[in-house]
Amino acid sequence: MSGAHLSEEELQQYILDRPACTPEDIAHLDGCPDCQAQVAAYGLLMEGLSQQPAPVFGFDVSAIVMGQLAESAERRVERPSWWATAALILLVTAVPAWLFRKSAYYVFTDISAVFLYLILAAAGVFVLLRVLHLIKRYQQIINIINK
Ligand SMILES: [Zn+2]
């Protein structure tokens, strides 16, 4: 490629992989101030690029991931207690239901109003606590996402 200036690719190759350049290209470069100026400019550019710090996230990724892991581990611990609660509810309802199966009709007709409201209030409190727990967890997750 004597006579014409070196292409962009040839100039970059001269900087990055000098032994791979053809003797004609090197001979042209030795006698051409224009191409030498281009090589110097490319050299500065590549030096600048290599000195750039590695890009980093604007937030702490490891903290978020560790938080998620801790939370999922917490959830794994929480699961047996949930199953225990379900088993307890089943036991508490199934055993009396089986014991009083013959008088079940009278249980629901002769039940005192106070006792019925007590059961309804307990169920209401339980549902309310579950809903509050759910809202709290939802807010925690939203806070983690927005952090
Ligand atoms: Zn040239």
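What you see is a predicted model, and the numbers here were worked out from it, not measured in a lab.

With that settled, the discussion passes to the overall build of the protein chain. Counting its secondary structure elements, the protein chain contains six helices and zero strands. Of the regular secondary structure in the protein chain, the N- to C-terminal order runs α-α-α-α-α-α. Dimensions of the protein chain, computed from the C-alpha atoms along their principal axes, are close to 110 × 25 × 25 Å. In the protein chain, once contacts between residues fewer than 6 apart in sequence are set aside, the share between residues at least 24 apart is 54%.

Looking now at the packing of helix α1 (residues 8–16) against helix α3 (residues 33–51). Between α1 and α3, the shortest axis-to-axis distance is 10 Å and the interhelical angle comes to 60°. Here α3 runs oblique to α1, going by the angle between their axes. In the crossing of α1 with α3, the sense of the turn from one axis to the other is right-handed. Residues L11, Q12, Y14 and I15 of α1 form the contact with α3, whose own contacting residues are C35, Q38, V39, Y42, G43 and M46.

Mapped onto the secondary structure, A40 falls in helix α3. Sequence spacing of A40 and Y105 is 65 residues, and the spatial spacing of their C-alpha atoms is 98 Å.

Below, the discussion takes up the domain arrangement of the protein chain. Per the domain assignment, the segments making up the protein chain are domain 1 (8–51) and domain 2 (111–147). Centre-to-centre separation of domain 1 and domain 2, based on C-alpha positions: 71 Å.

Relative to the 27 Å expected for 19 residues at 1.5 Å per residue, α3 spans 27 Å between its end C-alpha atoms, a close match to the ideal helical length. For α3, the buried fraction is low: one of the 19 residues fall into the buried class.

Positionally, E9 belongs in helix α1. Spatially, the C-alpha atom of E9 lies 15 Å from that of A37, the residues being 28 residues apart in sequence.

Analysis parameters
- Residues numbered from 1 in each chain as written.
- Predicted model: local features only at pLDDT ≥ 70, side-chain atom pairs only at ≥ 80, totals over all residues.
- Helix = DSSP H or I, 4+ residues; strand = E, 2+ residues; numbered from the N terminus.
- Contact = placed C-beta atoms within 7 Å.
- Axes fitted to C-alpha atoms, helices over the stretch in contact; angles between N-to-C directions.
- Parallel < 35°, antiparallel > 145°, perpendicular 65-115°, else oblique.
- Left-handed = near helix turned anticlockwise from the far one by under 90°.
- Domains from an automatic or database assignment.
- Expected span 1.5 Å × (residues − 1).
- Buried ≥ 20, exposed ≤ 12 C-beta atoms within 10 Å, placed from the backbone.

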